[in-house]
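Working through the structure, step by step
Chain by chain, the residues:
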Amino acid sequence: MNSQNLSLVEQLMQGLKVGGTKGITQFLSEEIVYHNVPWPSVSGHQQVAETLAPFIDNREGGLESITIHHSISNKDVVMNSRDEIWVHQKVKIVLPVAGVFRIRNGKISRWTDYFDSGTLKPFLESVRGQ
């Protein structure tokens, strides 16, 4: 089961990059709780998609790549450390992220990402200023 859970999270990461918000819901439970710390959590497919869409589905740029450096799985929890490269117009940042995922019935039911919001600030300003 642990290797299946690791694979599920890796598929989610690739879905973010290639499929945008439409490419990820297949990996998420209907009751998904997504918490992009330090911001408030959201729940359900629609709220997760609405939260991520301005960044993932943006025609001016978005998530360029994800490199997972370390992953570990124990029972129904997967944790990873990764670098995400975000690009918008002329802004490009490397965002180190630590993610924690809870798996229930073959789907991700809780997804929490931890990162330094100061590192993301230039990207957010670019997206919001368009």
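Residues numbered from 1 in each chain as written. Predicted model: local features only at pLDDT ≥ 70, side-chain atom pairs only at ≥ 80, totals over all residues. Heavy atoms only, no water.

1. With respect to the environment of Glu64
We count it as follows: Every helix listed is a DSSP run of H or I at least four residues long, and every strand listed is a run of E at least two residues long, numbered separately from the N terminus. We call a residue buried when its accessible area falls under 20% of the maximum for its residue type, exposed when it is over 50%, and partly exposed in between, using a 1.4 Å probe and counting protein chains only. Residues are treated as being in contact if the distance between any of their heavy atoms lies within 4.5 Å. We call two N or O atoms a polar contact when they sit within 3.5 Å, provided that within protein one can donate a hydrogen and the other can accept it, with sequence-adjacent residues counted only if both atoms are side-chain atoms.
Within the element layout of this structure, Glu64 appears in strand 3 (residues 61-74). Judged by its relative accessible area of 41%, Glu64 falls in the partly exposed class. Along the backbone, Glu64 and Trp86 are 22 residues apart, and their C-alpha atoms lie at a distance of 5.6 Å. Once residues within four sequence positions are removed from consideration, Glu64 is found in contact with Lys17, Ile85, Val87 and Lys92. Among the polar contacts listed, one links the side chain of Glu64 to the side chain of Lys92, at a separation of 3.3 Å.

2. Quick notes on the pattern of salt bridges
What counts here: By salt bridge we mean one thing: a side-chain nitrogen of Lys or Arg within 4 Å of a carboxyl oxygen of Asp or Glu.
In this structure the tally under the stated criterion is 6 salt bridges. In this structure, Glu125 and Lys121 form a salt bridge, with 3.9 Å as the shortest nitrogen-oxygen distance. Of the two residues, Glu125 and Lys121 are both situated in helix 3 (residues 117-128); the distance of 4 residues between them amounts to about one turn of the helix. A network of salt bridges, in which partner residues are shared, links Asp76, Arg102 and Arg104.

3. Here we look at the pairing of strand 1 (residues 28-37)
A regular strand places its side chains on the two faces of the sheet in alternate fashion. Here is the rule we go by: By definition, two strands form a pair when at least two bridges between them are found by DSSP.
Alignment of strand 1 against strand 6 (residues 107-114), held across 6 bridges, turns out to be parallel. Residue Asn36 lies in a different strand from strand 6, and its bridge partner there is Asp113. In the sheet, strand 1 pairs with strand 2 (residues 42-43) via 2 bridges, with the strands oriented antiparallel. Counterpart to Tyr34 in the pairing with strand 2 is Val42.

4. Description of the side chain of Thr112
Its location among the elements puts Thr112 in strand 6. Under the relative-accessibility criterion, Thr112 is labelled buried at 6%. Those residues in contact with Thr112, other than ones at most four positions away along the chain, are His35, Val37, Ala98, Gly99 and Val100.

5. Notes on the confidence of the model for the chain
Here is the rule: Confidence scores labelled pLDDT are given residue by residue by the predictor and lie between 0 and 100.
Model confidence for the chain is summarised by a mean pLDDT of 90, while 98% of its residues fall at 70 or above. Within the chain, strand 6 carries the highest mean pLDDT (98), whereas helix 3 carries the lowest (85).

6. Notes on unusual backbone geometry
Of note in the backbone geometry, Lys75 takes a positive phi value of approximately 55 degrees without being a glycine. One non-glycine residue, Gln89, lies in the positive phi region at around 50 degrees. With respect to the helices and strands, the residue Gln89 is situated in the loop between strand 4 (77-88) and strand 5 (91-104). For Gln89, a relative accessible area of 47% gives the class partly exposed.

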